[in-house]
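Descriptive structure summary
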Amino acid sequence: MIKDFRDYNLLPHNTFGIEARCRRFVEFESVDEAREVATMLQEADEPLLIVGGGSNLLLTGDYQGTVVHSAIKGIREERGTRNEEGGVILTCGSGETWDDVVAYCVERGYYGAENLSLIPGEVGASAVQNIGAYGAEVADIIREVVGVEMGTGSVRRFAPEECGYAYRNSKFKNEWKNRYLIVEVSYALKLDAGLNLEYGNIKAELERKGIECPTLSQLRQVIIDIRNAKLPDPKVEGNAGSFFMNPVVPVAKYEELAALYPGMPHYVVDAERVKIPAGWMIDQCGWKGKSVGRAGVHSRQALVLVNKGGATGDEVVTLCKKIQQDVLERFGIEIHPEVNIV
């Protein structure tokens, strides 16, 4: 049954813990309901905001429009027929919690999603944001995205190459923004594959635990432990995880900075580009653990901005801008929010 509320409190739908309301809130639980929602919304309902779990959202005030959310659940699997590599295709409702999908895969020995463990949010948002961590992106395993077109209610199926996936980006975030209600996402997993242990401090943590050849479940647990050690619980301190994207710079810019900062962490993207951790630069600017009003930088991970209690979205934005300015002045690099600021 479609839920339809007026003057709705969005606090349960944003992990930053920002008090804000919207003029109208609509939630659907099936593809048919999504088609009905897509055709019933009118110009009077604009502006439109499509949300998932709210883990990548910063509200700067009450939303003077309509918020739409998918509550479509379910995971179904199919082997072989659509996967020429003999693996498994998982088709998941867009309202499924992403980490529940990862747990489902790991428990059954399906490879491909394990490095994305404990990323907050829902399945639909995974396809919009192209979530990523520890050397993996969800675009690597997406097989198909199913969306319902706003206005017409038509069901569209998209292959991953149509979606314009790039670092934390897709057409759903840009030219297709608010054009489709994502209802399902299919992921292609493998039944036998090597593990990706090369990114971040995965190997160091495995060594600390005395694990030489990790299983899928051991790797998932290590990634969960690493994330829990450096990222705050939104129920304790409101946050949206990594607030900034890691900038990708030309090799010449990297070499210029590496000469000034020996040992600067970096990740080679290709022959012409290098990714520099935004958190490291923010830390170098002295922001880790600092606050501006009721908004602050997490004491263990400078990439994470937190609500210290009762912060407004505008206070978080003010902190964001101060950090951006300091990083630009010191390193000559612009860093941009990964979080959707509304």
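Counting restarts for each chain: residues are numbered from 1 in the order of the written sequence. Residue-level local features of this predicted model are given only where pLDDT is at least 70; pairs of side-chain atoms are given and counted only at 80 or more, and the full residue set underlies all totals for whole chains, interfaces and linings. For side-chain calculations, the full set of non-hydrogen atoms in the structure is used, while hydrogens and water are omitted.

Thoughts on the layout of surface pockets
- Counted as a void, the second largest pocket has a volume near 660 Å³.
- Around the second largest pocket, the lining is made up of 23 residues, and of these T15, S55, P120, D233 and P234 lie nearest the centre.
- Going through the elements one at a time, helix 5 (216–230) and strand 13 (238–242) are the ones with two or more residues in the lining of the second largest pocket.
- No other element matches the three residues that strand 13 contributes to the lining of the second largest pocket.
- Just so you know the grouping, Ala, Val, Leu, Ile, Met, Phe, Trp, Tyr, Cys and Pro go in nonpolar, Asp, Glu, Lys and Arg go in charged, and all remaining residues, Gly too, go in polar. The class makeup of the residues in the lining of the second largest pocket is eight nonpolar, ten polar and five charged. Cavities and pockets were defined on a 1 Å grid built over protein atoms only: a cavity is a set of grid points that admits a 1.4 Å probe from which the probe cannot escape, a pocket is an open set flanked by protein on both sides within 12 Å along at least five of seven lines, and lining residues are those with an atom within 4 Å of any such point. Grid points are joined across faces, edges and corners, and a volume is the space filled by probe spheres set on the points. Only DSSP runs of H or I reaching four residues or more are called helices, and only runs of E reaching two or more are called strands; each is numbered from the N terminus.

So, the sheet that holds strand 1 (residues 3–9)
- Only when DSSP finds a minimum of two bridges between them are two strands counted as paired. Across the sheet, four strands lie side by side as 1-2-5-3; this open sheet has mixed pairing. Two strands close off the open sheet at either side, each with one partner strand: strand 1 and strand 3 (48–51). When the angles between neighbouring strand axes are averaged without regard to direction, this sheet yields 25 degrees.
- Two residues form a contact once any of their heavy atoms are found within 4.5 Å. A fitted line through C-alpha atoms serves as each axis, taken over the contacting stretch for helices, and the angle formed by two N-to-C directions is quoted from 0 to 180°. Strands in contact with helix 1 (residues 31–40) are strand 1, strand 2 (21–28) and strand 5 (63–70); relative to strand 2, the strand with the most contacts, it is inclined by about 140 degrees.

Some thoughts on the pattern of salt bridges
- Only one rule defines a salt bridge in this text: a Lys or Arg side-chain nitrogen within 4 Å of an Asp or Glu carboxyl oxygen. For the coordinates displayed, the defined rule picks out 19 salt bridges.
- For the salt bridge of E149 with R179, the shortest nitrogen-to-oxygen distance reads 3.8 Å. Taken together, the positions of E149 in strand 10 (residues 142–149) and R179 in the loop between strand 11 (155–158) and strand 12 (180–189) put the pair 30 residues apart, joining distant regions of the chain.
- For R179, a relative accessible area of 36% corresponds to the partly exposed category.
- Of the charged contacts in the structure, one is a salt bridge between E256 and K253, with a shortest N-O distance of 3.3 Å. A residue pair is termed a helical-turn pair when its members lie 3 or 4 positions apart in one helix, as E256 and K253 do in helix 6 (residues 251–260) at three residues.
- Looking at K253, the relative accessible area reads 18%, which means it is buried.
- Three or more residues joined by partner-sharing salt bridges are found here, namely E205, R208, K209 and D225. Think of it in three bands: with a 1.4 Å probe and only protein chains considered, a residue is buried below 20% of the maximum accessible area for its type, exposed above 50%, and partly exposed in between.

Description of unusual backbone geometry
- The peptide bond linking E46 to P47 adopts the cis configuration, its omega dihedral lying at 0 degrees.
- Summarising the element assignment, P47 is placed in the loop between helix 1 and strand 3.
- The phi dihedral of L118 is positive, around 65 degrees, even though this residue is not glycine.
- According to the relative accessible area criterion, L118 is partly exposed, its value standing at 28%.

Description of the nonpolar core
- The criterion is simple. A nonpolar core is a set of buried Ala, Val, Leu, Ile, Met, Phe, Trp, Tyr and Cys residues joined through side-chain atoms within 4.5 Å. Formed by 45 residues in total, the largest nonpolar core has its most connected members in F243, F244, I282, L305, I323, F331 and I335.
- When contributions to this core are tallied by element, the ones reaching two or more residues are strand 2, strand 3, strand 4 (57–58), strand 5, helix 6, helix 7 (278–284), strand 18 (295–297) and helix 8 (313–331).
- Here this core gets seven residues from one element, more than from any other, and that element is helix 8.

Some points on the sheet that holds strand 16 (residues 273–275)
- The sheet built from three strands is open, its strands ordered 14-16-15 with antiparallel pairing. The sheet is open, and its two borders are formed by strand 14 (248–250) and strand 15 (267–268), each paired with just one other strand.
- The strands touched by helix 6 are strand 14 and strand 16; relative to strand 14, the strand with the most contacts, the crossing angle is about 90 degrees.

Considering the packing of helix 2 (residues 98–107) against helix 5
- Here helix 2 crosses helix 5 at 150 degrees, and the two axes come no closer than 9 Å. Considering the angle they form, helix 2 stands roughly antiparallel to helix 5. For the pair helix 2 and helix 5, contact is made by D99, V102, A103 and V106 and by L216, S217 and R220, respectively.
- For the contact of helix 2 with helix 5, the residue count by class is four nonpolar, one polar and two charged. Should an angle fall under 35 degrees it is taken as roughly parallel, and over 145 as roughly antiparallel, whereas 65 to 115 is taken as roughly perpendicular and any remaining angle as oblique.

With respect to helix 2
- In terms of burial, helix 2 is a largely internal element, eight of the ten residues being buried.
- What helix 2 keeps buried is the set W98, D99, V101, V102, A103, Y104, C105 and V106.
- On its buried face, helix 2 sits against strand 6 (75–79), strand 7 (88–93), helix 3 (123–129), strand 12 and helix 5.
- The positive-phi residue at the C-terminal boundary of helix 2 is G109, with phi of around 80 degrees.

A look at the side chain of E338
- Along the chain, E338 falls in the loop between helix 8 and strand 20 (340–341).
- Given a relative accessible area of 14%, E338 falls into the buried group.
- Once residues within four sequence positions are removed from consideration, E338 is found in contact with N56, Q129, R168, K173, S242, F243, F244 and M245.

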